[in-house]
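# Coordinates in review
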Amino acid sequence: MIPHPTAGTDLRARAEAAIAGSRAQEDPDYPLFHVAPPVGRLNDPNGLVLRDGVHHVFYQFSPFHPQRQVFWGHASSADLTSWRQHGVALVPDAWYDRNGAYSGSALPREDGVDFYYTGNVRSEQGERESYQCLMTSSDLETFTKAPANPLLAGPPPGYTAHLRDPQVAIEADGRYRMCLGAQRVDETGCVLVYRSSDRLSWTLAGELTFPDAAGRFDAFGYMWECPNLIRVPDADGVRVHDVLILSPQGIPAQREGFENIFACGYLVGHLEGTALQGATTLHELDRGFEFYAPQVFAGTSPDSPPLLMAWLGNASEDDQPSAEHGWVHALSVARELVIVKGRLQQRPRLALDAAMQAPPGLPEVLTDAEVAVAGLAGSRAFRLAFAADAS
């Protein structure tokens, strides 16, 4: 067993102390209806889950930024607009996640929620090791790492240690499916599919394939991150599509599109075993310059459109004005997904009827000059009215 580099320290207490000493709320530009870190750096959304009418969002969180020691933060909301921070949920204090608790997903159960995530380890020689792990909670207030961890230790033959971001779902036959972002030894990206009957013991079923894509995705980027394989209804109210959402690294920018540092997109098809039939084209998910690692909420009704949130950031983009106040990055607002003519249509979900009311005595529409004269540029009302996602 590799000794933990911070053995003898209380990482949770240090993180909570950093939160308590935060200056983030002093920033006039701190978001009002986007999830943002209470302190430090936020990146990927993790373990999104609807439970008892409340949406819970977990996210990668580095409270000691710029030191990159990744925890999971936790926020919740009943209306996807007003968010309550709950503090630290997942602490990288085990040998198998000692260099970071990386991205993962939620699997609701009758008596609680399972959270699957990747434990990141750097050996004494500087080599990467990745472990797929499980954390459980019965009340979404206390969290316990599974004694069986790690569930998957290292990559299978033919793949590198760039194996991460498990998304776990229940299949039609009652078994469980895990999709993992992966890299082959020839440094090309793919998705690996594992299956399990008990949520703990996993067997490799193979790569996710695209039989109708004429080999387009055989060497498509050098690593595929954050796969989400989901069911999305068609606008016609009859059909349901299988949609793979993923973040492939190493995709060159096109004349128009895929201009983020790392891309994210989706393919629409029909899943048969490990083959996504009919999927031929990766469509860009968002034209914003900072949009990455999207994830869909687990626990929503099969009859309801899936809800997606993403990181409003990307790699190497931490040089933000907000860093002066000790915080960096936020998550997008939630978006409902539906298929219209073979493409995803996204509809923001915000409850702004009350929050959007302007202060008394102001006209309903303000010119830029009136905003400046009224001194509203940094006010709550102004930020509510204009702080929408650049999507």
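In this text the structure is predicted, and so the values were computed from the model without any measurement.

### Some remarks on the overall build of the protein chain
On a plain count of helices and strands, the protein chain comes out with three helices and 23 strands. Taking as baseline every contact in the protein chain between residues at least 6 positions apart, the subset at least 24 positions apart corresponds to 55%. As displayed, the protein chain offers around 17,500 Å² of accessible surface, 50% of which is attributable to carbon and sulfur atoms.

### Structural notes on the sheet that holds strand β22 (residues 335–340)
The strand order across the open sheet formed by four strands is β19-β20-β22-β23, and the pairing between neighbours is antiparallel. In this open sheet, the two strands that pair with only one neighbour each are β19 (292–296) and β23 (343–348). Strand-to-strand twist across the sheet, computed as the mean angle between neighbouring axes with direction ignored, equals 40°.

### Side note on the environment of arginine 41
When you line up the elements, arginine 41 lands in strand β1 (residues 40–51). Taking the C-alpha atoms as reference points, arginine 41 and alanine 323, separated by 282 residues in sequence, lie 8.8 Å from one another. If sequence neighbours within four positions are ignored, arginine 41 has contacts with Gln60, Phe61, Ser62, His65, Arg68, Trp311, Asp318, Val328 and His329.

### Here we look at unusual backbone geometry
A cis geometry characterises the amide bond from histidine 65 onward to proline 66, with omega recorded as 15°. The omega torsion across asparagine 149 and proline 150 is -5°, close enough to zero to call that bond cis. Here leucine 140, not a glycine, exhibits a phi torsion of approximately 60°, which is positive. Tracing the backbone through its elements, the reader meets leucine 140 in the loop between β7 (128–137) and β8 (144–145). Of the residues examined, leucine 140 reaches a relative accessible area of 5% and is grouped as buried. Even without being glycine, histidine 329 reaches a positive phi, approximately 80°. The residue histidine 329 is located in the loop between β21 (327–328) and β22 in this model.

### Some thoughts on the sheet that holds β1
The strand order across the open sheet built from five strands is β4-β3-β2-β1-β21, with neighbouring strands paired in mixed fashion. Of all the strands in the sheet, the pair left with one neighbour each is β4 (84–90) and β21. Sheet analysis places β1 next to β21, joined by two bridges and oriented parallel. Its bridge partner being in β21, glycine 40 is matched across the sheet by tryptophan 327.

Quick notes on the rules
- Residues numbered from 1 in each chain as written.
- Predicted model: local features only at pLDDT ≥ 70, side-chain atom pairs only at ≥ 80, totals over all residues.
- Heavy atoms only, no water.
- Helix = DSSP H or I, 4+ residues; strand = E, 2+ residues; numbered from the N terminus.
- Contact = heavy atoms within 4.5 Å.
- Areas by Shrake-Rupley, 256 points an atom, 1.4 Å probe, with all protein chains shown as cover.
- Pairing = 2+ DSSP bridges.
- Axes fitted to C-alpha atoms, helices over the stretch in contact; angles between N-to-C directions.
- Buried < 20%, exposed > 50% of the residue type's maximum accessible area, 1.4 Å probe, protein only.

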